[in-house]
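What follows is each chain in one-letter form.
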Amino acid sequence: MFLPEGSKDDIGQVVANRFKVFETFRQVALSRNYTEISTPLVEYADTFTNDHVGMSLQNMLKWFNRDGAIEVLRPDWTTSISRALTNHHMDQHKWAYHGSIFRQEIPGVESRQVGIEIVQLPALLGESECLFLAYEFLNQLQINDVIVELGHTGIFEEWVTKLNLSEEQVDRLRNAMHDKRKDEVYEIAKQNGHEKEAEVLATLVDAYGPFEMIDEYFDRWEDQPKLISILKHIKQLGMTLRNIGIEDLIIDLGRVKNLPYYTGTLFRGFLKQNGATCFSGGRYDKLYDRYQLVTSAVGIAFDVDILAEQIRPEMKMEKICIIANDETLAYAEKHRQSLTNKIVDIRYDIPKTNQYDEMLIIMKKDDNKWEVTSYED
Ligand SMILES: N[C@@H](Cc1c[nH]c[nH+]1)C(=O)O
């Protein structure tokens, strides 16, 4: 039997590690007063593709339902939670979730996330909370070598308004910017004759580095109040993170949104070991506009599969095998319960591999009682 391309079965340690990530996340989120939320796996495509969200149908797993409407497997938690929350009271601010999302551009199509969404909290509080939680969660998983990157959608978008480009040109520009293709950024940006602004935009491609670099840009953009207020916000967030001990902090001022709904601060976490993105998130206030709700919203999602790969094996527990038969099975189970903090297996056959630290066998004594003795072969 075959599986569709990208799909795979997982066995043993991978599955165990994933559960460790899920469990640790739940415990951290609950201790920070999050309420758990779950949305259905199957939703209408329109929930994600309407103008307020703007995700592309192309990458979704989709089909027509009986009435001819397009349904999809959940491609994004953030959007489906915003749909769900508008039908609920908004007096709870902090929401936590865990489960799969499906996007065709992700290798394997299915990927597992744990994440949080925070609504209607002041900007700095909500954004810091996302990264405070990230810090606590990763510490608990003993994953310490992570670089936190801060960015903001507003910097690129502000420069772009000066260029008089069509929507299609802006999309191409955003993609070139995302891939840090500097020459292409310049070429697209100057298409309507704004060469000076195009040059500045091209230099934004290189505007990444250690957090302290932000001070340079206060001088460079001193005559641009919008950009200065964005810089002040990023700086304040960065200083707050520094104050709780997040040392590995970088900025990318040329960062563009990787999901269409972002409207402000963006953050990502990279594993130092291999550069993989282990979390990603940001501000998306506009997602609630279509429900005529004035809301501030920010969130972060962690890639469970990437984190699971980093988990160190648990302390090894002693592994015992009790050899039983139909007659001694119940006694074996009772004995198993008395062996705490050990992995205990019951088998009828005598295992050929030496995967157990100890093997026990149940023998009948003269007085018709049972006795557990060590099995030696
Ligand atoms: N949904 C985003 C992460 C996020 C959560 N909240 C805001 N952003 C993602 O899948 O990358």
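Scroll up to find the structure.
The shown structure was predicted, so the numbers you read here are calculated from the model rather than taken from an experiment. (Residues numbered from 1 in each chain as written. Predicted model: local features only at pLDDT ≥ 70, side-chain atom pairs only at ≥ 80, totals over all residues. Heavy atoms only, no water.)

Trainee: How do you make sense of the pattern of salt bridges when you look at a structure like this?
Mentor: Two side chains with opposite charge may pair up if their charged atoms get near one another. Taken as a whole and assessed by the stated rule, the structure comprises 31 salt bridges. Between Arg-32 and Glu-129 there is a salt bridge, with its nearest N and O atoms 2.9 Å apart. With Arg-32 in the loop between helix H1 (13–31) and strand E1 (35–36) and Glu-129 in helix H4 (residues 123–140), this pair connects stretches of sequence that are 97 residues apart. Residue Arg-32 is classed as buried on the basis of its relative accessible area, which comes to 18%. (Salt bridge = Lys/Arg side-chain N within 4 Å of Asp/Glu carboxyl O. Helix = DSSP H or I, 4+ residues; strand = E, 2+ residues; numbered from the N terminus. Buried < 20%, exposed > 50% of the residue type's maximum accessible area, 1.4 Å probe, protein only.)

Trainee: Please clarify how the packing of aromatic side chains should be interpreted in this entry.
Mentor: Two measures describe an aromatic ring pair: the distance that separates the ring centres and the angle between the ring planes. The final tally for this structure, using the stated rule, is 11 aromatic pairs. Where Phe-19 meets Phe-22, the ring centres are 6.1 Å apart and the plane angle is 65°; that geometry is what we call edge-to-face. Of this pair, Phe-19 and Phe-22 both sit in helix H1, three residues apart, roughly one helical turn. Judged by its relative accessible area of 48%, Phe-19 is partly exposed. (Phe/Tyr/Trp six-rings, centres within 6.5 Å; stacked < 30°, edge-to-face > 60°.)

Trainee: Looking at this structure, how should I read the pairing of strand E13 (residues 319–323)?
Mentor: A regular strand carries its side chains on alternate faces of the sheet. Burial within E13 is extensive, with four of its five residues counted as buried. With five bridges joining them, E13 and strand E14 (residues 343–347) adopt parallel strand pairing. Bridge pairing in E14 places Ile-320 opposite Val-344. Handedness of the E13-helix H12 (residues 329–338)-E14 crossover: right-handed. Two strands pair when backbone bridges link them, and E13 and strand E15 (residues 358–364) are joined in this way by four bridges, in the parallel orientation. Residue pairing in the sheet places Ile-320 in a bridge with Glu-358 of E15. (Pairing = 2+ DSSP bridges. Right-handed = clockwise from strand over helix to strand, strands pointing away.)

Trainee: What's the story with the site of the ligand in this structure? I'm lost.
Mentor: Surrounding the ligand, one finds 16 residues, the nearest of these being Asp-76, Thr-78, Arg-103, Glu-117 and Tyr-262. Here a nitrogen atom of the ligand sits 2.9 Å away from a polar atom, N or O, in the side chain of Glu-117. Elements represented by at least two residues in the shell around the ligand include exactly strand E6 (110–119), strand E11 (277–283) and strand E12 (297–303). Per-class residue counts for the shell around the ligand are seven nonpolar, six polar and three charged. (Near = heavy atom within 4 Å. Polar contact = N/O pair within 3.5 Å; in protein donor to acceptor, adjacent residues only side chain to side chain. Nonpolar A, V, L, I, M, F, W, Y, C, P; charged D, E, K, R; others polar.)

Trainee: Mind showing me how you'd approach the sheet that holds E15 here?
Mentor: The strands that make up a sheet pair up through hydrogen bonds in the backbone, lying either parallel or antiparallel. Pairing within the open sheet is mixed, and its four strands lie in the order E14-E13-E15-E16. Only two strands of the sheet have a single partner each, and these edge strands are E14 and strand E16 (370–374). Each adjacent strand pair in this sheet contributes to an overall mean axis angle of 25°, direction not counted. Most of the contacts of H12 go to E14, to which it runs at about 175°, and overall it touches E13, E14, E15 and E16. (Axes fitted to C-alpha atoms, helices over the stretch in contact; angles between N-to-C directions. Contact = heavy atoms within 4.5 Å.)

Trainee: Can you walk me through unusual backbone geometry in this structure?
Mentor: The bulk of non-glycine residues show a negative phi, and the bulk of peptide bonds are trans. A positive phi is found at Asn-33, a non-glycine position, where the angle reads about 70°. Checked against the element boundaries, Asn-33 lands in the loop between H1 and E1. Judged by relative accessible area, Asn-33 falls into the exposed class, the value being 53%. Positive phi values are uncommon outside glycine, yet Gln-120 reaches one of about 55°. Tracing the backbone shows Gln-120 in the loop between E6 and H4. Among the residues examined, Gln-120 registers a relative accessible area of 33% and is labelled partly exposed.

Trainee: Please clarify how the sheet that holds strand E4 (residues 70–73) should be interpreted in this entry.
Mentor: If you walk across this open sheet you meet the three strands as E2-E4-E3, and the pairing is antiparallel. With partners counted over all chains shown, the strands left at the sheet margins are strand E2 (42–44) and strand E3 (62–64), one partner each. Neighbour-to-neighbour, the strand axes of the sheet open up by a mean angle of 35°, direction not taken into account. Sheet topology note: the E3/E4 ladder contains three bridges and is antiparallel. The residue bridging Phe-64 from the neighbouring strand is Ile-70, located in E4.

Trainee: Which parts of the structure should I look at to understand the nonpolar core?
Mentor: Within soluble globular proteins, side chains that are nonpolar tend to cluster in buried spots. Among the nonpolar cores identified, the biggest contains 70 residues, and Leu-150, Leu-173, Trp-221, Leu-253, Phe-279 and Phe-302 are the most heavily contacted of them. Per-element accounting of this core gives the leading share, seven residues, to helix H10 (residues 225–243). Aside from chain neighbours lying at most four places away, what touches Leu-150 is Leu-131, Ile-234, Leu-237, Gly-238, Leu-241, Leu-249, Ile-250, Ile-251, Asp-252, Leu-266 and Phe-267. With 25 residues, the next largest nonpolar core counts Met-55, Val-72, Tyr-261 and Ala-301 among its residues. (Core = buried A, V, L, I, M, F, W, Y, C linked by side-chain atoms within 4.5 Å.)

Just geometry here; none of it tells us what the structure is for.
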